[in-house]
Structures are given as structure tokens and as C-alpha cells.
Protein chains: 2
Amino acid sequence: MLSNACKYAIRAILYLAIHSDETTKIGVKKIAEELETPQPFLAKLLRQLTSNKLVSSTKGPGGGFFLDKNNKEKSIWDVICCIDGTHKFEKCFLGLSKCSDKNPCPVHSTVSPFKKKILNEFRDKTISKLVEEIEVEGTVISLKGFDLK
Amino acid sequence: MLSNACKYAIRAILYLAIHSDETTKIGVKKIAEELETPQPFLAKLLRQLTSNKLVSSTKGPGGGFFLDKNNKEKSIWDVICCIDGTHKFEKCFLGLSKCSDKNPCPVHSTVSPFKKKILNEFRDKTISKLVEEIEVEGTVISLKGFDLK
DNA sequence: AATAAAAAAGATCGTTTTATCTTTTTTGTG
DNA sequence: CACAAAAAAGATAAAACGATCTTTTTTATT
């Protein structure tokens with residue numbers, strides 16, 4: 001579905017959304033430990049997210065990564081686009097270039113409604129809204145523990 | 001979503017479902033041309049499908065690949081399991097090992113209903129049923145033309 | 001100013017995925 | 001039987017992905 005890189009990135013942003021703000025910055029080391037992700041790889045991803053304005057950072061002692069107000073208005077979809085590219089949920093499930101609503105591939109009717117709805121939800125829901133929901137519903141689970149593949 | 005290999009495999013099986021039977025066998029060369037897929041790679045995939053009883057074949061002159069009655073009772077899901085493995089639609093969207101209906105991750109409620117539905121449709125619908133539907137609905141489009149990624 | 005903490009940048013390495021090429025085996029046909 | 005057509009099998013190569021390591025830059029603190 002998503003690449004490992006993208007999963008790490010989303011989890012890191014959610015972690016930052018919950019635990020950081022302008023005055024509480026968090027270093028890669030801490031984030032990687034909390035999420036149980038490979039540290040140098042996560043560092044690279046955070047740089048990519050930072051240079052795309054999805055995450056903020058400051059250097060030097062006491063520095064680290066955090067989400068500012070703007071960052072929190074971004075969506076999961078923005079993260080997916082940044083790491084995996086825009087194509088992820090837009091292309092035909094079988095990879096057929098000619099496939100469309102008018103010209104559907106054999107699995108189009110099965111897959112298409114699903115893709116559209118998920119795409120919308122991921123595009124419309126901001127990170128802050130998402131975290132708010134999680135907190136209201138009390139469904140905050142550990143972002144730790146990862147299955148490769 | 002799916003690997004290229006898996007997309008090739010599904011397309012090849014659909015192609016065979018439409019164009020082949022016990023008396024009309026088709027060689028890799030022809031299939032690869034029709035689907036515009038890399039020929040040796042597709043050959044390897046067909047071998048994998050054949051050894052897993054999802055496709056039939058005969059060697060020698062006049063030989064080739066085809067679907068017999070049993071093969072047509074298999075599902076898209078069987079193909080996905082054969083090529084990409086069973087985990088594809090079963091794991092948490094964010095890769096979290098602790099995620100479940102009782103213990104949902106932040107995107108679980110968005111993603112889970114669709115995963116379940118797609119999984120069921122892919123598991124329950126046989127290849128022959130699928131092709132039948134396509135023909136009734138008249139939505140037979142070219143399986144040619146592929147977007148990498 | 002010196003030091004140390006932290007991110008930024010970039011070079012490198014290994015694995016998996018994708019793809020190709022060559023050889024062997026099977027089998028129908030003249 | 002000899003030949004050719006086709007799949008089966010396996011070795012190899014290239015690209016993408018996942019991950020690590022080293023060096024540089026920035027900056028707060030002493």
C-alpha cells in the first residue's frame with residue numbers, strides 16, 4: 001500500500017502533533033526511539049518533510065522538530081504526496097493507463113469508490129482535526145511497534 | 001498498492017480467461033505483446049502461477065498457457081497471495097502491529113471498512129464470474145497500456 | 001570565544017524488485 | 001528419428017528502496 005518511508009513519516013507527524021509545539025521541540029533520537037524506527041532513515045525523512053513545510057525544525061542545542069500552526073493544517077494526503085508521490089491513490093489498480101470511470105478496467109467498480117472516499121478523507125482532514133478526533137474518541141494507541149511488510 | 005509483478009499477473013490471467021481454453025493455448029510472446037509487458041519477466045510470473053495451479057500450460061509445439069475449469073474458479077485474491085503474499089490487505093495501513101478493531105490506529109476507521117469490503121470481493125468473486133460480469137456489462141477495455149508506478 | 005547539541009547534507013551500502021539472458025526439458029510433426 | 005516450438009529452470013544484471021555513516025552547518029550556553 002504505502003512505502004515504509006511513508007508510514008514512518010505519517011507516524012512521526014502524528015507523534016509530533018500530539019507531543020510537540022513551538023516551545024516543545026523533539027530530537028530525531030527521541031522520535032525514533034518512541035516509534036521504534038531506524039534513526040538515520042527517519043532523520044532523512046524528517047528533512048524531506050521539513051523542506052516541504054510539513055514539519056518545522058530548529059538547529060542547535062534545545063532544537064529539534066515540531067509542528068507549528070501551519071504544519072497542523074496539512075493533511076495525511078500532503079504527507080503521502082511528499083514521500084510517495086501523488087500517484088498513489090490516483091492510478092488504476094491494475095496500472096492500466098486507459099482505465100477511467102467511462103472506460104473501467106475489470107476491477108474498477110470494486111476499487112474505485114474506495115479510492116475516491118479514502119482520497120477525500122485524507123485530503124480534507126487536517127492533522128489537527130485528526131488528532132482532535134483521536135483524543136475525543138479516546139482511541140490513542142501506541143505508535144510504537146511496526147510490522148515490516 | 002500492488003507490485004508491478006502482481007498487476008502483470010492479474011492482467012495475464014484476465015487475458016487468458018477471455019482468450020484461452022483447453023484447446024486454445026497462448027504463448028508468452030503473444031501474451032506479453034498483447035499486454036505490453038516485459039516478456040521474460042512475464043514468463044517467470046506465468047511459471048509461478050502455473051506451479052501454484054492458477055494457470056495451466058503445456059510444453060512443445062502448439063503448447064502454451066491457458067485456464068482450465070479449475071483455474072477459472074480461482075479468485076483475484078488467490079493471485080495476489082501467490083505473487084505479493086497474504087499480508088497485502090490485512091496489515092494496518094500505518095504498519096502498526098498493535099492496531100485492531102478494538103485498538104484502532106488514527107486512520108483505522110477510515111481505511112478498515114474498505115479493506116474488508118475489497119478483501120471480500122476479491123476473495124469471493126471467481127475469475128470466471130468476473131469475466132462474465134465484464135462481458136454482460138460490456139466493459140471490456142484493452143488490457144494494454146501500462147503506467148509504471 | 002569555545003563548546004556542545006542538534007539538524008542538514010551527502011556519500012555509501014545492502015536488499016528487494018524488476019528485468020534479461022542462456023540453457024535444459026518436453027513434445028508435437030514431418 | 002530429427003527438428004523445431006514451446007515452457008521450465010536458473011544465472012545474471014540493473015534499478016529502486018531501505019538503511020547507515022560521516023561531515024558540515026547552525027546556534028544556544030558557558
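Please refer to the structure placed before this passage.
It should be emphasised that the depicted structure is a prediction, and the values quoted were computed from it without experimental measurement. Every residue gets a number counted from 1 within its own chain, in the order that chain's sequence is written. Note on labels: chains are lettered from A, ligands numbered from 1, in written order. Local features in this predicted model are restricted to residues whose pLDDT is 70 or higher, and side-chain atom pairs enter the listing and the counts only when it is 80 or higher, whereas totals over whole chains, interfaces and linings include all residues. In computing side-chain values, all of the structure's heavy atoms are included and hydrogens and water are not.

Caption draft 1: Representation of the overall build of chain A in the model. The helix and strand inventory of chain A stands at 7 helices and 2 strands. Its helices and strands in sequence order give chain A the pattern α-α-α-β-β-α-α-α-α, from N to C terminus. Along the first, second and third principal axes, the C-alpha set of chain A runs to 55 × 35 × 25 Å. Sequence separation of 24 or more characterises 66% of the internal contacts of chain A that already satisfy a separation of 6 or more. Every accessible area reported is derived by Shrake-Rupley at a probe size of 1.4 Å, with residue values counting cover from the shown protein chains alone. Working note: accessible area of chain A is about 7,300 Å², and carbon and sulfur atoms make up 50% of it. Every helix listed is a DSSP run of H or I at least four residues long, and every strand listed is a run of E at least two residues long, numbered separately from the N terminus. Note on contacts: a residue pair qualifies if any of its non-hydrogen atoms lie within 4.5 Å across the two residues.

Caption draft 2: Focus on the side chain of Lys7 of chain A. Looking at the element boundaries, Lys7 of chain A is found in helix α1 (residues 4–19). Classification of residues uses two cut-offs on accessible area relative to the type maximum, computed with a 1.4 Å probe and protein chains only: under 20% is buried, over 50% is exposed, and between them is partly exposed. Under the counting rule used here, the positive set is Lys and Arg, the negative set is Asp and Glu, and His together with the chain ends is not counted. Salt bridge criterion: a side-chain nitrogen from Lys or Arg within 4 Å of a carboxyl oxygen from Asp or Glu. No salt bridge is formed by the buried Lys7 of chain A; its nearest oppositely charged neighbour, Asp84 of chain A, is found at 8.6 Å. The contacts of Lys7 of chain A, once residues within four sequence positions are left out, are Leu2 and Phe146 of chain A together with Phe93, Leu94 and Gly95 of chain B.

Caption draft 3: Focus on empty space enclosed by the protein. In this analysis a 1.4 Å probe is tested at points of a 1 Å grid over the protein atoms alone, and where it fits but cannot get out there is a cavity; an open set with protein on both sides within 12 Å along at least five of seven lines is a pocket; lining residues have an atom within 4 Å of a point. Grid points are joined across faces, edges and corners, and a volume is the space filled by probe spheres set on the points. Counted under the stated rule, the structure contains 4 cavities of 30 Å³ or more. By volume, the largest cavity amounts to about 60 Å³. Classes in brief: Ala, Val, Leu, Ile, Met, Phe, Trp, Tyr, Cys and Pro nonpolar; Asp, Glu, Lys and Arg charged; the others, Gly included, polar. Residues that form the lining of the largest cavity fall into these classes: 5 nonpolar, 1 polar and 2 charged.

Caption draft 4: Layout of the relation of the copies chain A and chain B. The two copies are related by a screw motion: chain A maps onto chain B through a turn of 180 degrees and a shift of 0.0 Å along the axis, at an RMSD of 0.1 Å. One copy is carried onto the other by what is essentially a two-fold rotation axis. For chain A, the residue whose C-alpha comes nearest the rotation axis is Met1 of chain A, separated from it by 2.0 Å. A shared interface surface links the copies, since 98% of the contact residues of chain A are contact residues in chain B too. Superposing copies: least-squares fit, C-alpha atoms only, residues required to have pLDDT of at least 70 in both.

Caption draft 5: Representation of the protein's contact with DNA strand D within the structure. Residue proximity to a molecule or strand is established when one non-hydrogen atom of the residue lies within 4 Å of it. Around DNA strand D sit 27 residues in total, of which Pro38, Lys44 and Pro61 of chain A together with Arg47 and Ser57 of chain B are the nearest. Those atoms of DNA strand D that come within 4 Å of the protein belong to sugar or phosphate at a rate of 65%. Elements supplying a minimum of two residues to the surface near DNA strand D: α1 and α3 (39–51) of chain A together with α3 (39–51), β1 (56–58) and β2 (64–66) of chain B. Class assignment of the residues belonging to the surface near DNA strand D gives a composition of 11 nonpolar, 10 polar and 6 charged.

Caption draft 6: Fine view of the interface of chain A and chain B. With 42 residues of chain A in contact, the opposing surface of chain B contributes 42 residues. Between chain A and chain B, roughly 4,100 Å² of surface is buried when both sides are summed, and carbon and sulfur atoms account for 72% of that area. Where chain A packs against chain B, one counts 0 salt bridges. By the criterion applied in these results, polar contacts are pairs of N or O atoms within 3.5 Å in which, for protein atoms, one can donate a hydrogen and the other can accept it, and in which residues neighboring in sequence qualify only through two side-chain atoms. The interface formed by chain A and chain B contains 2 residue pairs in polar contact (both at pLDDT 80 or more). Those elements giving two or more residues to the side of chain A that touches chain B turn out to be α1, α6 (108–124) and α7 (127–137) of chain A. The biggest single contributor to the side of chain A that touches chain B is α6 of chain A, with 7 residues. Here the residues of the side of chain A that touches chain B are counted per class, giving 23 nonpolar, 8 polar and 11 charged. Note: buried area is the sum, over both parts, of the accessible area (probe 1.4 Å) each one loses when the two are combined.

Caption draft 7: The layout of surface pockets, seen in detail. Volume-wise, the largest pocket comes out at about 350 Å³. In this structure, the largest pocket is lined by 17 residues; those nearest its centre are Met1 and Lys88 of chain A together with Met1, Leu2 and Lys7 of chain B.

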